[in-house]
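Spelled out, the chains give:
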Amino acid sequence: MDKAGIREVAKAAGVSISTVSRAFTRPELVSERTRRKVLDVADRLDFNISRSATSLKSGQTYRVAMLMNEEITSWFNMEVFAGINSVMHDAGYDISLFQHVDTGENRRDFFTNLPVRRNVDAVFVTSFGVEPEEIQQLQRIHVPIIGINTPSQEGFDATISIDDEDGMFSSAQHLINLGHKNIVYVCSDAVDSINSSIDARGQGFIRACKTMEGTHDFKWRVLSVPRGKTFADSALTALLALDEFPDGICCQTDMMAIPLVLRLDRYEYRTPRDYSIIGFDDSAYADTVNLTTMRQDPFAMGRAAARKAVKLIAGETLENPYEVVRAQLVLRGTPSTAEIADFSATLLHVSVLAVLIHTDNTGVFCIYCQLPPSAQRCWRCLHKFLACLGRRRRR
């Protein structure tokens with residue numbers, strides 16, 4: 001049996017061919033009752049309107065591009081994609097994904113070839129900056145360019161972003177106001193080939209510390225580790241290598257904070273007893289580990305960006321093309337006041353002294369390492385001592 005065409009659908013539904021076409025391509029011009037009747041008949045006859053024919057008639061491809069500097073599997077990109085798709089799918093658009101537009105080769109390939117192909121109706125740029133010459137290349141295809149959490153609004157027809165710098169400023173300010181004395185910001189190295197919005201968070205941390213160090217007694221530092229799949233392990237190693245373990249930790253992302261909470265526990269550093277930690281994003285599992293964090297909503301940003309795109313494609317003017325959303329501090333169980341942390345640390349140090357410290361006529365020394373006692377050194381010795389006892393018991 002031959003597949004039904006638009007004429008057969010029109011005849012079975014009792015409407016004109018143009019009404020069938022509008023029911024698929026311009027549903028706002030057809031009553032809901034008529035559109036439902038046409039769609040029911042089309043479904044029964046296994047009819048699909050030709051996308052290529054529609055494109056030729058309208059001059060649109062019914063496809064949009066989403067550019068990202070990481071994989072689609074990252075929490076942020078998945079949420080943004082879901083938000084965009086929740087609007088664009090209903091409007092009849094497909095989404096083409098372009099991952100890892102973060103290397104010179106990938107960027108040249110995309111920004112050179114896309115204007116030649118002219119096969120999208122809008123471009124979404126997610127979480128990284130686009131160079132002026134790249135913007136000019138995109139503008140050659142005469143389609144809207146919408147930024148989602150991009151470092152700048154320059155060159156974009158519309159953007160929606162959170163204020164990454166302000167969010168991390170609030171995060172650091174919160175730890176300082178709690179009375180913490182030794183605060184560390186843990187982040188991944190910036191990549192020279194791409195201006196990522198996430199890098200602005202470090203600027204917020206530094207600004208908060210410099211602003212408040214005149215009125216509060218504390219010290220601070222930035223720990224930057226190589227970007228990549230092992231960044232959490234690198235962050236753990238860097239923290240444990242410090243001469244003095246911090247009592248407050250600001251993390252660039254939840255995906256750094258969550259594994260740190262779990263892995264530091266193996267070394268008997270527990271939050272909020274020994275330190276406070278704040279993440280950024282409120283991503284999956286942040287609530288599971290009771291992580292205090294700065295919340296952003298990439299799904300909502302994706303939806304908002306898509307609604308802007310639909311209006312721009314239709315030639316409409318946006319009332320508010322450039323939006324900035326503030327990240328919200330979500331208080332859970334990982335921060336504590338410095339007084340509570342100090343009290344817990346005092347109890348631990350008393351336990352350490354009781355087990356390890358020995359006094360005789362030669363002085364005071366640790367029976368494990370034979371060195372004069374210090375809080376940090378005795379803490380490490382206690383763990384080695386207990387591990388040794390545990391191995392002996394298992395024998």
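Model, not experiment: these values are computed from the prediction.

What counts and how
- Residues numbered from 1 in each chain as written.
- Predicted model: local features only at pLDDT ≥ 70, side-chain atom pairs only at ≥ 80, totals over all residues.
- Heavy atoms only, no water.
- Helix = DSSP H or I, 4+ residues; strand = E, 2+ residues; numbered from the N terminus.
- Buried < 20%, exposed > 50% of the residue type's maximum accessible area, 1.4 Å probe, protein only.
- Areas by Shrake-Rupley, 256 points an atom, 1.4 Å probe, with all protein chains shown as cover.
- Salt bridge = Lys/Arg side-chain N within 4 Å of Asp/Glu carboxyl O.
- Expected span 1.5 Å × (residues − 1).
- Contact = heavy atoms within 4.5 Å.
- Pairing = 2+ DSSP bridges.
- Axes fitted to C-alpha atoms, helices over the stretch in contact; angles between N-to-C directions.
- Parallel < 35°, antiparallel > 145°, perpendicular 65-115°, else oblique.
- Left-handed = near helix turned anticlockwise from the far one by under 90°.
- Nonpolar A, V, L, I, M, F, W, Y, C, P; charged D, E, K, R; others polar.
- Core = buried A, V, L, I, M, F, W, Y, C linked by side-chain atoms within 4.5 Å.

J.: Looking at this structure, I do not really get the overall build of the protein chain. What am I missing?
T.: From N to C terminus, the protein chain includes 14 helices and 14 strands. In the protein chain, buried positions account for 45% of the 395 residues. Here the protein chain displays about 20600 Å² of accessible surface, and carbon together with sulfur accounts for 51% of that area.

J.: Sorry if this is basic, but what is going on with the pattern of salt bridges here?
T.: For side chains bearing opposite charge, pairing can occur when the charged atoms are close. Counted under the stated rule, the structure contains 14 salt bridges. A salt bridge links Arg201 to Asp281, with the nearest nitrogen and oxygen atoms 3.2 Å apart. Pair noted here: Arg201 is in helix 9 (residues 200-212) and Asp281 is in strand 9 (residues 276-281), with a separation of 80 residues, a long-range link. For the pair Arg201 and Asp281, a shared accessibility class is recorded, and that class is buried. With a closest N to O distance of 2.6 Å, Asp282 and Arg295 form a salt bridge. Here Asp282, found in the loop between strand 9 and strand 10 (292-295), pairs with Arg295, found in strand 10; they are 13 residues apart in sequence, far enough to count as distant. Overall, the relative accessible area of 16% leaves Asp282 in the buried class. What makes Arg295 partly exposed here is its relative accessible area of 34%.

J.: Explain the environment of Arg7 to me, please; I cannot follow it from the model alone.
T.: For Arg7, the position within the fold is in helix 1 (residues 6-13). Taking the C-alpha atoms as reference, Arg7 lies 8.8 Å from Val20; in sequence the two are 13 residues apart.

J.: What is the right way to look at helix 12 (residues 298-313) in this model?
T.: Because an α-helix completes one turn every 3.6 residues, residues spaced three or four positions apart along the sequence face the same direction. End to end, helix 12 covers 22 Å across 16 residues, agreeing with the expected 22 Å (1.5 Å per residue, within 8%). Pro298, Met301, Gly302, Ala304, Ala305, Ala306, Lys308 and Ala309 are the residues of helix 12 that are buried. Buried residues along helix 12 sit against helix 5 (75-88), strand 3 (122-126), strand 4 (145-148), strand 5 (158-162) and strand 11 (322-325).

J.: How should I be thinking about the sheet that holds strand 2 (residues 94-98) in this particular structure?
T.: Paired through backbone hydrogen bonds, the strands of a sheet run either parallel or antiparallel to each other. Across the sheet, six strands lie side by side as 2-1-3-4-5-11; this open sheet has parallel pairing. The sheet is open, and its two borders are formed by strand 2 and strand 11, each paired with just one other strand. For this sheet the average axis-to-axis angle between neighbouring strands, irrespective of direction, equals 15°. Packed on one face of the sheet, helix 5 meets strand 1 (63-68), strand 2, strand 3 and strand 4 and runs near 165° to strand 1. Sheet strands in contact with helix 12 are strand 3, strand 4, strand 5 and strand 11, and its direction is about 170° off that of strand 5.

J.: I'm lost on the packing of helix 1 against helix 3 (residues 32-44) in this one. Help?
T.: Axes are the key here: two packed helices are described by the angle between their axes and the distance separating the axes. Two elements in contact, helix 1 and helix 3, have axes separated by 9 Å at closest approach and are oriented at 125°. Here helix 1 is positioned oblique relative to helix 3, judged by the angle of their axes. Handedness of the helix 1/helix 3 crossing: right-handed. Taking contact as the criterion, the partners of Val9, Ala12 and Ala13 in helix 1 are, on helix 3, Lys37, Val38, Val41 and Ala42. Taken together, the residues of the contact of helix 1 with helix 3 sort by class into six nonpolar, no polar and one charged.

J.: Before we go on, may I ask you to explain the sheet that holds strand 8 (residues 248-251) in this structure?
T.: Read from one edge of the open sheet, six strands run 7-6-8-9-10-12, paired in mixed fashion. For this open sheet the edge positions go to strand 7 (219-225) and strand 12 (328-330), each flanked by a neighbour on one side alone. Recorded for the sheet is a direction-independent mean angle of 20° between the axes of neighbouring strands. Across the sheet, helix 9 touches strand 6 (182-188), strand 7, strand 8 and strand 9, and the angle it forms with strand 7 is around 165°. Contacts between helix 10 (residues 231-240) and the sheet are confined to strand 6, strand 7 and strand 8, with strand 7 contributing the most and set at about 140° to the helix.

J.: Could you clarify how one ought to interpret the environment of Lys210 in this entry?
T.: Within the secondary structure, Lys210 sits in helix 9. Each C-alpha atom, one on Lys210 and one on Trp220, is 9.4 Å from the other, the two residues being ten residues apart in sequence.

J.: Even after reading the chapter, I still don't get unusual backbone geometry, so can you show me in this structure?
T.: Note: most residues except glycine have negative phi, and most peptide bonds are trans. Cis peptide bonds are those with omega within 30 degrees of zero, and the linkage from Thr271 to Pro272 qualifies with 5°. Along the chain, Pro272 falls in the loop between helix 11 (254-266) and strand 9. Unusually for a residue other than glycine, Asn290 sits at a positive phi of about 65°. Note on placement: Asn290 falls in the loop between strand 9 and strand 10. Since its relative accessible area comes to 39%, Asn290 is described here as partly exposed.

J.: For this particular structure, what's the right way to read the nonpolar core?
T.: Ile84, Met88, Phe124 and Phe205 are the most contacted members of the largest nonpolar core, which totals 45 residues. Not counting residues within four places of it along the chain, the set of residues in contact with Ile84 comprises Met66, Ile95, Phe124, Ile148, Gly302, Arg303 and Ala306. With 24 residues, the next largest nonpolar core counts Leu223, Phe231, Ile258 and Tyr275 among its residues.

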